[in-house]
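Observations on the three-dimensional arrangement
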Amino acid sequence: MAPSVSEAGPVAPLPTKAGPESQSTARYQSIARNHIAPALGRLRDHVFTSGRGLRVETSDGRSLLDFTAGIGVTSLGHCHPAVTEAIVKQASAIVHVQCAIALSEPYTDLVEQLVGMMPSPSLDSFFFWNSGSEANEAAIKIARAHTRRNNIVVMQGAYHGRTSGAAALTRSKTSFFARSGPLMPCVFTTAFPYWHALGVPASTPEDELVRLAVHQLEQTLQQQSAPEDTAAIFIEPVLGEGGYVPAPASFMRALRGVCDRHGILLVADEVQTGFGRTGRTFAVEHSGVTPDVMVFAKGFANGMPLSGVVTRRDIMASMPAGSLGGTYSGNAVACAAALATTRYMQRHDVLANVNARSAQLFAGLRTLQSELPDVIVDVRGAGLMVALEFTQPGTNKLVQDACYDRGLVVLTTSIYPVLRFIPALVVDEAEMAEALAIIRQSVLAVVAAAI
Ligand SMILES: Cc1ncc(COP(=O)(O)O)c(C=O)c1O
């Protein structure tokens, strides 16, 4: 019987490893080299054997500070006691309740909980799936079925997933779909208000970026995808894989206006930004814009595979019975984990911590930028979704390696030299200070080596 853990209980220490660590690491690496799809790609061939809070332990005995949270997934930290307890409890009751056969208790409780968390009460009809890509597939179907139109407009630099429909909407890197076309047709691209997308200097003021991007959208709707053929505009309120660029509130409002004028659905992909990541429950709240459809996943269930789509009841009603579903859709254990995660977030004011730690992170990175203006061109993001953009290609990867050597795991992103920080939302002040010290040492070491 697994030990019971209380919701607010202390984080247990990492178990200590026994046995010949180097041998098991070599064995894992050999299995990976010979039998795991190389198409996966990996930061390095290491194995995480356990995790608690912000720390992970590797099979070769290293303890690392994790500023990736599994790409924004383990928002309450690894093995959070409240989530572990909910998983254990549900796994002992019933693991799999197929959604076309019956509902499960955590499924319905979760829906009830989410109704109260949405940015607008109009978003009140839910469908759960397993991954962000799948949830975007569902959003495509819903938008097309409701509007009876085919075309989708997406942002330059967007990432919506790797399944065929979601990959067709993706514009952040060709490696996500190269050699696997033809992808779903009827997808058109417009500029995100980011200087690279518009080909203007990094110093271009925000209102000018928005003006240029809105102009491009108007052209897209006049020259590529007629409004009467356009089902939806998809946007990540903070461009994720495309470089951690927040969409200005005025751009979100302009999109809302365009969609309202033409009967186009505004779809917010909150897969990475949702559930507190940007300092609000959902990133659309920063602009006050209510999307017609919202897609979420990642931080929702603290590591269990669960995603969702929410929309208005009248829009969801456009989908005939049986047109949405899936064997594992809304798995009971995953729903129990999401219920525990979202309840914990509400009861413990996790957002206050996100905003305090975000201010600490921004302050540290901006100090570094002011010391190295020729090396760091931008510090940006929202909440605990923050990035540094370097001036020189490759610097992000060198700094990432230097951070790893000093015990901090961070990720790169984008086709530009961007390094991103997405720690668990419960990161504390000391952990943030430790990370900032490592980032600083690493950037300075890379700069010194280049001289
Ligand atoms: C904004 C966004 N949409 C969709 C996805 C795809 O989600 P998944 O990897 O769960 O399929 C991601 C994943 O990183 C994402 O960041």
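Per chain, residue numbering runs from 1 following the sequence as it is written. In view of the model being predicted, local features appear only for residues whose pLDDT reaches at least 70, and side-chain atom pairs are presented and counted only at 80 or more, with totals across whole chains, interfaces and linings using the full set of residues. Excluded from the side-chain calculation are hydrogens and water; included are all heavy atoms of the structure.

If you check an unreviewed UniProt entry, the protein chain appears there as Putative ornithine-oxo-acid aminotransferase from Acaromyces ingoldii. UniProt positions are given in the numbering used here, feature names are shortened, and annotations may be inferred rather than shown by experiment. The record in UniProt for the protein chain states the following under Cofactor (unreviewed entry): "pyridoxal 5'-phosphate". Listed in UniProt under the heading Sequence similarities (unreviewed entry), the comment for the protein chain reads: "Belongs to the class-III pyridoxal-phosphate-dependent aminotransferase family."

A word on the nonpolar core. Within the largest apolar cluster, 90 residues are counted, with the highest numbers of intra-cluster contacts made by Phe67, Leu114 and Ile233. Look past the residues within four positions of Ile233 in its chain and what remains in contact with it is Val153, Met155, Leu217, Leu255, Val258, Cys259, Ile264, Leu265, Leu266 and Val267. To qualify as a nonpolar core, a set must consist of buried Ala, Val, Leu, Ile, Met, Phe, Trp, Tyr and Cys residues joined through side-chain atoms within 4.5 Å. For the exposure calls, accessible area comes from a 1.4 Å probe over protein chains only, and a residue counts as buried if that area is under 20% of its type's maximum, exposed if over 50%, partly exposed in between. Here a residue-residue contact requires only that any non-hydrogen atoms of the pair lie within 4.5 Å.

Take the pairing of strand β13 (residues 376-382) next. Helical segments are the DSSP runs of H or I of at least four residues, strand segments are the runs of E of at least two, and each set is numbered from the N terminus. Within β13, six of the seven residues are buried, leaving the element largely enclosed by the surrounding structure. Judged from the six bridges that link them, β13 and strand β14 (residues 385-390) form a sheet pairing that is antiparallel. Paired with Ala382 across the bridge in β14 is Met385. A pair of strands is considered paired only if DSSP assigns at least 2 bridges between the two. Between β13 and β14, which pair antiparallel and follow one another directly, the connecting turn spans two residues, one of which, Gly383, has a positive phi of 60°.

This brings us to the site of the ligand. Inspection of the region around the ligand gives 13 residues, with Gly132, Ser133, Asp269, Gln272 and Lys298 positioned closest. Counted as a polar contact is a pair of N or O atoms within 3.5 Å, where, for protein atoms, one must be capable of donating a hydrogen and the other of accepting one, and residues adjacent in sequence contribute only when both atoms are in side chains. Contacts to the ligand include Ser133, whose side-chain N or O atom sits 2.5 Å from an oxygen atom. Backbone polar atom of Tyr159 to a nitrogen atom of the ligand: 3.4 Å apart, as the coordinates give it. Element by element, the count of residues in the shell around the ligand is highest for helix α5 (residues 132-147), at three residues. Here the term charged refers only to Asp, Glu, Lys and Arg, the term nonpolar to Ala, Val, Leu, Ile, Met, Phe, Trp, Tyr, Cys and Pro, and the term polar to all other amino acids, Gly among them. Of the residues assigned to the shell around the ligand, the class counts are two nonpolar, seven polar and four charged. We call a residue near a molecule or strand whenever a single non-hydrogen atom of that residue lies within 4 Å of it.

In summary, the pairing rule links any two rings of Phe, Tyr or Trp, Trp by its six-membered ring, whose centres are within 6.5 Å, and it sorts them by plane angle into stacked for under 30 degrees, edge-to-face for over 60 and tilted for everything else. This model, assessed by the stated rule, comprises 13 aromatic pairs. With centroids separated by 6.0 Å and ring planes inclined at 45°, the aromatic side chains of Phe128 and Phe300 adopt a geometry described as tilted. With Phe128 in strand β4 (residues 125-129) and Phe300 in the loop between β11 (293-296) and β12 (307-311), this residue pair connects regions lying 172 residues apart in the sequence. For the pair formed by Phe128 and Phe300, the shared burial category is buried. Three or more aromatic residues joined by ring pairs make a cluster, and in this case those are Tyr107, Phe126, Phe128, Phe275, Phe282, Phe296 and Phe300. Only Lys NZ and Arg CZ are tested; either one counts as a charge over a ring when it is within 6 Å of the ring centre and within 35 degrees of the ring normal. Positioned above the aromatic ring of Tyr404 is the side chain of Arg44, whose terminal nitrogen or guanidinium carbon lies 3.7 Å from the ring centre.

This paragraph deals with the sheet that holds β13. A sheet is described by the order of its strands in space; here four strands give the open sequence β13-β14-β17-β16, paired in antiparallel fashion. Each of the sheet's edge strands pairs with one partner strand only, and the pair in question is β13 and β16 (411-413). If you compare each strand with its neighbour and ignore which way they point, the axes differ by 30° on average. Packed onto the sheet, helix α13 (residues 395-405) meets β14, β16 and β17 (418-421) and runs at close to 170° relative to β16. Angular values range over 0 to 180 degrees, each being the angle between N-to-C directions of two axes fitted as lines to C-alpha atoms, with helices fitted over their stretch in contact.

Here the focus is the domain arrangement of the protein chain. Quite often, the size of an interface is put as the accessible area lost when its parts meet. Residue ranges labeled as domains rest on an automatic or database domain assignment. Domain parsing of the protein chain yields domain 1 (21-72 + 349-450) and domain 2 (83-347). Relative placement of domain 1 and domain 2: their C-alpha centres are 26 Å apart. On the side of domain 2, 29 residues touch domain 1, which itself brings 30 residues to the contact. Buried area is understood as the total, over both parts, of accessible area removed when two parts are fitted together, assessed with a 1.4 Å probe. Buried area between domain 1 and domain 2, both sides added, is near 2,300 Å², and the carbon and sulfur share of it is 58%. Salt bridges are identified by distance alone: a Lys or Arg side-chain nitrogen within 4 Å of an Asp or Glu carboxyl oxygen. Here domain 1 is connected to domain 2 by one salt bridge. With a closest N to O distance of 3.4 Å, Glu241 and Arg420 form a salt bridge.

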